[in-house]
Amino acid sequence: MDDLKANVDQQPSSEPKNPTEESTKTTDTTTHDDTIHFYATIAFIVVIIVIGVPMWWKTTEVYRVPLPYAEIESLDDVPIKATIRMGLFVKSQERRDILLFELSKKFENNFAFNLQLEEFTLDPSLVDAAKTPAALEAAILKKYPLGLGDFVLIEWNKLEDDVLVTSERTAFISESATSLKIYQVLSSWILQEYKLKAILGSRDLQTSKNRQLRLNTAPMQPHYEILISVLNPRPDIQKVHWNARAAAENYIAPFLDGLSTIANFTVKTQWVYQVEIQNPQKQIPDESRLRRHYAIQEDALPHVITAFEKKLGNQISNDPAIHLVVYVPPCGLAPLRIYRRDGSRASANNVEAFTSAKWGGIVLANPTEDAIAKCLEGSGTTEFHLSSQDVMPVLLYQLRKIFDLENNIPLLDSSITPFNSIEPRIWEVDNFIRCNTIYRIHSATLTLQSLIQLLGGIDYIVIADQVGAAIKDAHERIVLAKRLLLDNKLLEAAAEAKQAYVSAERAFFDPSMLALLYFPSEQKYAIYIPLFLPIMIPVFFSFNSISKFLRKRFGSQKKQKTE
């Protein structure tokens with residue numbers, strides 16, 4: 001027993017000899033595992049938040065080219081003003097100085113024009129040798145050549161009116177013409193300030209006689225198609241002869257050449273058959289050989305345009321079309337006249353026509369009474385010859401109305417020489433170019449400002465490279481066109497304004513900006529949140545584990561230091 005007890009006493013005990021040492025080993029193991037979990041959590045957070053979220057944000061952002069927002073917004077700070085070089089030839093030095101001073105004062109604070117007045121003089125021998133106004137005008141223009149947009153006032157003592165405006169860039173003034181009368185002619189006829197006020201400001205204006213004026217012309221586009229259509233509703237009973245192509249080449253083409261600086265024109269002709277006016281036409285007795293004619297009311301004319309437009313084929317080109325329609329009424333409803341609401345004739349002569357400023361015009365080419373009578377007798381097909389000398393002046397007048405070249409503002413003791421050619425008057429072309437240049441600069445500016453306001457307010461619209469390039473090009477050309485216009489370089493300013501208008505319109509209507517127009521940021525978040533939320537929940541809970549680990553670690557270190 002004693003030996004067994006001794007052996008038992010000699011066996012090693014299974015109880016730990018140092019409990020403190022074993023506890024330290026367990027704690028170190030636990031701390032090591034927590035540290036590994038801590039750094040794993042940190043790595044997971046870094047991958048998700050620092051790398052994943054920015055990568056997702058970058059790959060899902062909308063591509064937007066940087067734009068000169070501030071520069072475009074400040075375009076209105078520089079007004080659109082044109083410099084006009086104007087010469088004044090007056091024999092008396094005293095009267096010349098007075099007119100120069102008074103005209104300068106009247107244009108001193110003009111909203112659209114800087115008047116550059118120049119004193120024109122001639123050698124007395126040349127003045128004495130000029131026996132006619134034309135001779136004096138030729139002598140002055142030989143010494144002082146005029147460019148695009150320039151104008152000169154020439155005094156001539158034998159005038160019936162105070163001011164006589166010619167077809168050139170000149171106007172004759174009498175010895176009694178006041179500066180006020182000259183200013184009225186310049187403002188209303190030569191420079192047509194009321195148009196610029198309608199373009200740059202209010203569309204409704206009041207003349208000196210409280211007569212309301214409106215800018216009814218269509219905005220000038222870079223390209224136009226002039227479509228001359230001859231409508232013969234009954235080719236079976238009346239055969240119409242007319243060389244429409246030759247008439248267009250001899251009348252329309254020379255007229256449009258003067259306006260080609262602003263727009264390019266393509267002239268086409270066509271014949272359309274079996275298209276007839278369907279509106280009611282009332283028979284009116286008269287004293288003619290036929291003892292009657294037919295009337296169509298002025299109120300029905302818009303419906304006539306609507307019916308004709310479907311048959312004219314204006315969809316053959318993307319360019320805006322101006323329709324010039326020559327309608328030959330059938331013999332059974334001819335001659336056809338236009339009547340007003342009060343029952344009076346709209347035209348005092350035999351020319352029946354009407355114009356729609358934004359569409360075109362229609363001429364009612366009634367057959368002669370002999371052709372109508374022969375047709376009504378039922379003696380087969382009737383031959384009818386259209387005369388270009390009767391039809392084309394009406395079409396040219398309609399084009400003048402459409403392009404707003406016609407000036408209907410009456411001025412007392414002032415007149416304009418009658419037309420002596422098919423082409424518009426030279427100063428009319430100058431004013432046409434000037435007004436449309438200012439219009440295009442103003443329109444391009446409004447387009448750009450509206451566009452950047454839209455792009456700045458909606459940050460999910462794509463701004464592609466071609467859109468950004470068009471916007472920057474339009475902005476640069478607007479600034480350049482304003483400077484050229486102020487430097488009296490009208491031709492160069494017109495070219496820059498045309499390109500600025502085209503670039504601004506191209507940027508505004510570019511289809512690439514509609515790619516994400518109906519996919520705003522709210523929808524993007526609604527799609528991606530269900531994807532990222534299950535991943536982000538463990539990340540958020542990991543912050544709690546990190547907080548506990550840090551508190552435990554810093555707490556144990558603090559406790560050890562205290563002990």
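My aim in this report is to walk through the structure given alongside it, one point at a time.

Thresholds applied
- Residues numbered from 1 in each chain as written.
- Predicted model: local features only at pLDDT ≥ 70, side-chain atom pairs only at ≥ 80, totals over all residues.
- Heavy atoms only, no water.
- Helix = DSSP H or I, 4+ residues; strand = E, 2+ residues; numbered from the N terminus.
- Polar contact = N/O pair within 3.5 Å; in protein donor to acceptor, adjacent residues only side chain to side chain.
- Core = buried A, V, L, I, M, F, W, Y, C linked by side-chain atoms within 4.5 Å.
- Buried < 20%, exposed > 50% of the residue type's maximum accessible area, 1.4 Å probe, protein only.
- Contact = heavy atoms within 4.5 Å.
- Axes fitted to C-alpha atoms, helices over the stretch in contact; angles between N-to-C directions.
- Left-handed = near helix turned anticlockwise from the far one by under 90°.
- Nonpolar A, V, L, I, M, F, W, Y, C, P; charged D, E, K, R; others polar.
- Pairing = 2+ DSSP bridges.

**A word on the environment of Lys-195**
Link 1 in the chain: When you line up the elements, Lys-195 lands in helix 8 (residues 193-200).
Link 2 in the chain: Considered as a pair, Lys-195 and Asn-436 are 241 residues apart in the sequence and their alpha carbons are 10.0 Å apart.
Link 3 in the chain: Here the side chain of Lys-195 touches Gln-192 through a polar contact of 2.4 Å, side chain to side chain.

**Digging into the nonpolar core**
Link 1 in the chain: Residues Leu-153 and Phe-403 are the most contacted members of the largest nonpolar core, which totals 103 residues.
Link 2 in the chain: The element contributing the most residues to this core is helix 13 (residues 426-457), with 13 residues.
Link 3 in the chain: Excluding residues within four positions of it along the chain, Leu-153 makes contact with Met-86, Gly-87, Leu-88, Phe-89, Leu-103, Ala-171, Ile-173, Ile-182 and Leu-186.
Link 4 in the chain: Counting residues in each nonpolar core, the second largest holds 20 residues, with Val-275, Leu-312, Phe-354 and Ile-362 among its members.

**Let's talk about the packing of helix 13 against helix 14 (residues 465-486)**
Link 1 in the chain: Interhelical geometry of helix 13 versus helix 14 gives an angle of 145 degrees and a closest axis separation of 10 Å. Taken as a pair, helix 13 and helix 14 cross one another with a handedness that is left-handed. From helix 13, Thr-437, Ile-438, Ile-441, Ala-444, Thr-445, Leu-448, Leu-451 and Leu-455 reach across to helix 14, where they touch Ile-471, Ala-474, His-475, Ile-478, Ala-481, Lys-482 and Leu-485.
Link 2 in the chain: Classifying every residue of the contact of helix 13 with helix 14 gives 11 nonpolar, 3 polar and 1 charged.

**Considering the sheet that holds strand 2 (residues 113-119)**
Link 1 in the chain: Strands sit in the order 2-1-3-5-4-18 across an open sheet of 6 strands; the sheet is mixed. Two strands close off the open sheet at either side, each with one partner strand: strand 2 and strand 18 (414-416). Here the strands of the sheet are splayed against their neighbours by 20 degrees on average, with no regard to which way each runs.
Link 2 in the chain: Judged from the 7 bridges that link them, strand 1 (residues 82-89) and strand 2 form a sheet pairing that is parallel. In the sheet register, Leu-88 faces strand 2, and the bridge partner there is Glu-119.
Link 3 in the chain: Across the sheet, helix 4 (residues 93-106) lies against strand 1, strand 2, strand 3 (151-155) and strand 5 (170-173), angled at about 170 degrees from strand 2, the strand it touches most.
Link 4 in the chain: Packed onto the sheet, helix 13 meets strand 1, strand 2, strand 3, strand 4 (163-165) and strand 18 and runs at close to 155 degrees relative to strand 1.

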